[in-house]
Amino acid sequence: MGSKQASFYESVQRNFDKAAALTNLPKGLLAQIRACNSVYQMRFPVKIGNKYEVIEAYRVQHSHHRSPTKGGIRFSSHVNQEEVMALASLMTYKCAIVDVPFGGAKGGVKVSPRGYSPEELERITRRYTVELIRKNFIGPSVDVPAPDYGTGPREMAWILDTYMTFNPREIDAAGCVTGKPVNQNGIRGRTEATGRGVFYAVREFFSYKEDMKKLGIEPGLEGKTMVIQGLGNVGSYTGTISQKEGGVRVIGVSEIEGTIVSDTNIDIEKLLRYRKQKGTILGFPGTKTLKDRKDWVKIECDILVPAALESQLHKDNAKFVKARVIAEAANGPVTADAEAILLKKGCIIIPDMYCNAGGVTVSYFEWLKNLSHMRFGRMEKRFNQNSRTMLLDKIETMTGKTITKRDRSIIAKGADEVDLVRSGLEETMVTAYANIREISKRKRSVKDMRTAAFLSALEKVANDYMTLGVFP
Ligand code: GLU
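Caption draft 1: Broad picture of the pattern of salt bridges. For the coordinates displayed, the defined rule picks out 42 salt bridges. A salt bridge links Glu-131 to Arg-127, with the shortest nitrogen-to-oxygen separation between them at 3.0 Å. Of this pair, Glu-131 and Arg-127 both sit in helix α4 (residues 118-134), separated by 4 residues, roughly a single helical turn. Between Glu-366 and Lys-180 there is a salt bridge whose closest N-O contact spans 2.8 Å.

Okay, structure coming up:
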């Protein structure tokens, strides 16, 4: 290891400054956007076995330019205040980029979920929620948590139940947290949303023929090779959806137990089943294991997808990267130092604040569903189905030809909740990409996609502050 690595928070701030320098926004306004507005650090006791453990936890609200604030809760032994501040900041920019009308926030509880039983995790989650309620750091109009690294629908259900216990008459209580189980006020399509969003982001990048020509890249996703680091929720859905809907070949997967590679295509669905059975990805048929797990960075591929934690590509390993495109499925996987090295090498980085925004986008849909107290598609599904059926009948009588049963069911199908969620997500990712691309084209001084994404966010957040009259 060489000199000190830039911390995650430093990296976020440095990236912010790089973009801010290209705007004409007043210095005070930029300083307000950059700062974390509220940082709540807590310590609470939880009974584990027959002893009490003092749990360290945080909730950071980075920006109140819109309400509520929004962002996941992380359970990890690496949690610290700066990390949560970095993640909360990213949430503000992320929401702005995809036009999700929230401020940014993030929570962290310094525990390793593997070290606790489900009952203990439940006690920790409920107690954390009570701390948030006490300080007015949670509520459908205040601050809305969601899953992140180490948490999922189960934890969100505990949070909702605790919140409802303390707010029994609040009609919109279900909107106090997103990423809930579907049968407990959740929404279909939320679990896969971040991975699906990564797929749309990558697909959009490769879809612009003139951009690809300039970069000397063959347009289109079909047949492109991908390496995934981290087979958690985000990594696994990015892999399966990219394979099934994009024709991508996954040629490498890295996890805690090691890194596997293949000359053909690692079927991620099968790999997940294999891992569930054997407890490891190693030995999966048709793959070889690399000697050094960390060598995932060195695998030659078209798209490298870091889908685990922050600072995975740093100044000491960035030089080994052979991929042309890095899709940041995780938050902050590339440090600012690594980014400088990678950009010099001609790598294109699809930045986290755009690339993984699919999760919060569908969280927004879930929150809207909770506030409307109605499932998407309920009002219009049958109506659309019936009018399309009538149209098909008419076509049949006019042409004298029969439309097959299969074609009928495809054409006449009214949209279910999950269809609407997916199309809303696709629309969001496509529009946001076009916006970032337009900024890169308009501003000659913008040399990388992260800076363009930051500019897109800064324009919108600054505009909100001006509308609020805080900065005339
Ligand atoms: N934790 C996810 C993220 O980092 C989702 C946040 C949310 O849905 O609020 O974007």
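Having seen the model, we can carry on.
Caption draft 2: Molecular detail of the sheet that holds strand β5 (residues 143-147). Here we have 5 strands laid out as an open sheet, ordered β1-β2-β4-β3-β5, and mixed in their pairing. The open sheet is flanked by β1 (38-48) and β5, the only strands paired with a single partner. With direction set aside, neighbouring strand axes in the sheet form an average angle of 25°. Pairing of strand β3 (residues 69-75) with strand β4 (residues 103-109) involves 5 bridges; the strand directions are parallel.

Caption draft 3: Expanded view of empty space enclosed by the protein. Inspection of every chain in the model, using the stated rule, returns 1 cavity of 30 Å³ or more. Estimated volume of the largest cavity: approximately 100 Å³. Residue lining of the largest cavity: Phe-8, Ser-11, Val-12, Asn-15, Leu-90, Ser-311, Glu-328, Gly-332, Val-334, Thr-335, Asp-352 and Arg-450, and that is the complete set. Here the lining of the largest cavity is composed, by residue class, of 4 nonpolar, 5 polar and 3 charged.

Caption draft 4: Region of interest: unusual backbone geometry. The linkage connecting Ser-67 with the following residue, Pro-68, adopts the cis geometry, with an omega of -5°. Mapped onto the elements, Pro-68 comes out in the loop between β2 (51-61) and β3. Positioned with a positive phi, Ser-311 is a non-glycine residue whose angle comes to about 55°. Counting through the fold element by element, Ser-311 comes out in the loop between β10 (303-306) and β11 (325-327). We note that His-373 has phi near 60°; this positive angle belongs to a residue other than glycine. Locating His-373 in the fold gives a position in the loop between α12 (358-372) and α13 (381-399). A relative accessible area of 47% means that His-373 is categorised as partly exposed.

Caption draft 5: The arrangement of the sheet that holds strand β7 (residues 249-255) in detail. Read from one edge of the open sheet, 7 strands run β9-β8-β7-β6-β10-β11-β12, paired in mixed fashion. Taken across any chain shown, the strands that pair with only one partner, and hence form the sheet edges, are β9 (288-289) and β12 (348-350). Here β7 pairs with strand β8 (residues 258-261) via 4 bridges, running antiparallel. The residue bridging Val-253 from the neighbouring strand is Ile-260, located in β8. Packing of helix α6 (residues 193-207) onto the sheet brings it into contact with β10, β11 and β12, and relative to β12 it is tilted by some 140°.

Caption draft 6: Geometry of helix α2 (residues 27-34). Regarding α2, the residues found buried are Leu-29, Leu-30 and Ile-33. Taken down its axis, α2 places every buried residue within 100° of arc, on the same side. Those residues of α2 that are buried are in contact with α1 (8-20), α3 (81-97) and α16 (449-467).

Caption draft 7: Representation of the layout of surface pockets. Computed from the structure, the second largest pocket encloses a volume of approximately 610 Å³. Around the second largest pocket, the lining comprises 19 residues; the ones closest to its centre are Asp-211, Leu-215, Ile-348, Ser-440 and Lys-447. Only α7 (209-215), β12 and α15 (417-442) provide two or more residues apiece to the lining of the second largest pocket.

Caption draft 8: Just the site of the ligand, in detail. Around the ligand sit 14 residues, and of these Lys-70, Lys-94, Pro-147, Asp-148 and Ser-363 come closest. Side-chain polar atom of Ser-363 to an oxygen atom of the ligand: 2.6 Å apart, as the coordinates give it. Where the shell around the ligand is concerned, the elements lending two or more residues are β3, α3, β5 and α12.

Caption draft 9: Spotlight on the pairing of β1. Going residue by residue along β1, you find Ser-38, Tyr-40, Met-42, Phe-44, Val-46 and Ile-48 tucked away on one face and Val-39, Gln-41, Arg-43, Pro-45 and Lys-47 left uncovered on the opposite face. As paired elements, β1 and β2 share 11 bridges and run antiparallel to each other. In the sheet register, Gln-41 faces β2, and the bridge partner there is Tyr-58. Between β1 and β2, which pair antiparallel one after the other, the connecting turn spans 2 residues, and Gly-49 there sits at a positive phi close to 65°.

Caption draft 10: Structural detail: the state of the cysteines. On inspection of all chains with the given rule, the structure shows 0 disulfides. The structure places no disulfide on Cys-36, whose sulfur is separated from the nearest cysteine sulfur, that of Cys-95, by 14 Å. The class of Cys-36 is buried, set by a relative accessible area of 15%. With no disulfide of its own, Cys-355 lies 14 Å from the sulfur of Cys-301, the closest cysteine sulfur. According to the relative accessible area criterion, Cys-355 is buried, its value standing at 0%.

Caption draft 11: Local environment of helix α9 (residues 268-278). Listing the buried residues of α9 in full gives Ile-268, Leu-271, Tyr-274 and Arg-275. The arc that holds every buried residue of α9, seen down its axis, measures 115°, which confines them to one face. Across α9 from its buried face, at more than 90 degrees, point the exposed residues Arg-273, Lys-276 and Gln-277. If you follow the buried residues of α9, they end up packed against β6 (225-229), α8 (233-246), β7 and β8. For α9, the N-terminal cap is Asp-267; the gap from its side-chain oxygen to the backbone nitrogen of Glu-269 is 3.1 Å.

Cut-offs applied
Residues numbered from 1 in each chain as written. Predicted model: local features only at pLDDT ≥ 70, side-chain atom pairs only at ≥ 80, totals over all residues. Heavy atoms only, no water. Salt bridge = Lys/Arg side-chain N within 4 Å of Asp/Glu carboxyl O. Helix = DSSP H or I, 4+ residues; strand = E, 2+ residues; numbered from the N terminus. Pairing = 2+ DSSP bridges. Axes fitted to C-alpha atoms, helices over the stretch in contact; angles between N-to-C directions. 1 Å grid on protein atoms, 1.4 Å probe; cavity = no way out; pocket = protein on both sides within 12 Å on 5 of 7 lines; lining within 4 Å. Points joined across faces, edges and corners; volume = space filled by probe spheres on them. Nonpolar A, V, L, I, M, F, W, Y, C, P; charged D, E, K, R; others polar. Buried < 20%, exposed > 50% of the residue type's maximum accessible area, 1.4 Å probe, protein only. Contact = heavy atoms within 4.5 Å. Arc of directions from axis to C-beta. Near = heavy atom within 4 Å. Polar contact = N/O pair within 3.5 Å; in protein donor to acceptor, adjacent residues only side chain to side chain. Disulfide = S-S within 2.5 Å.

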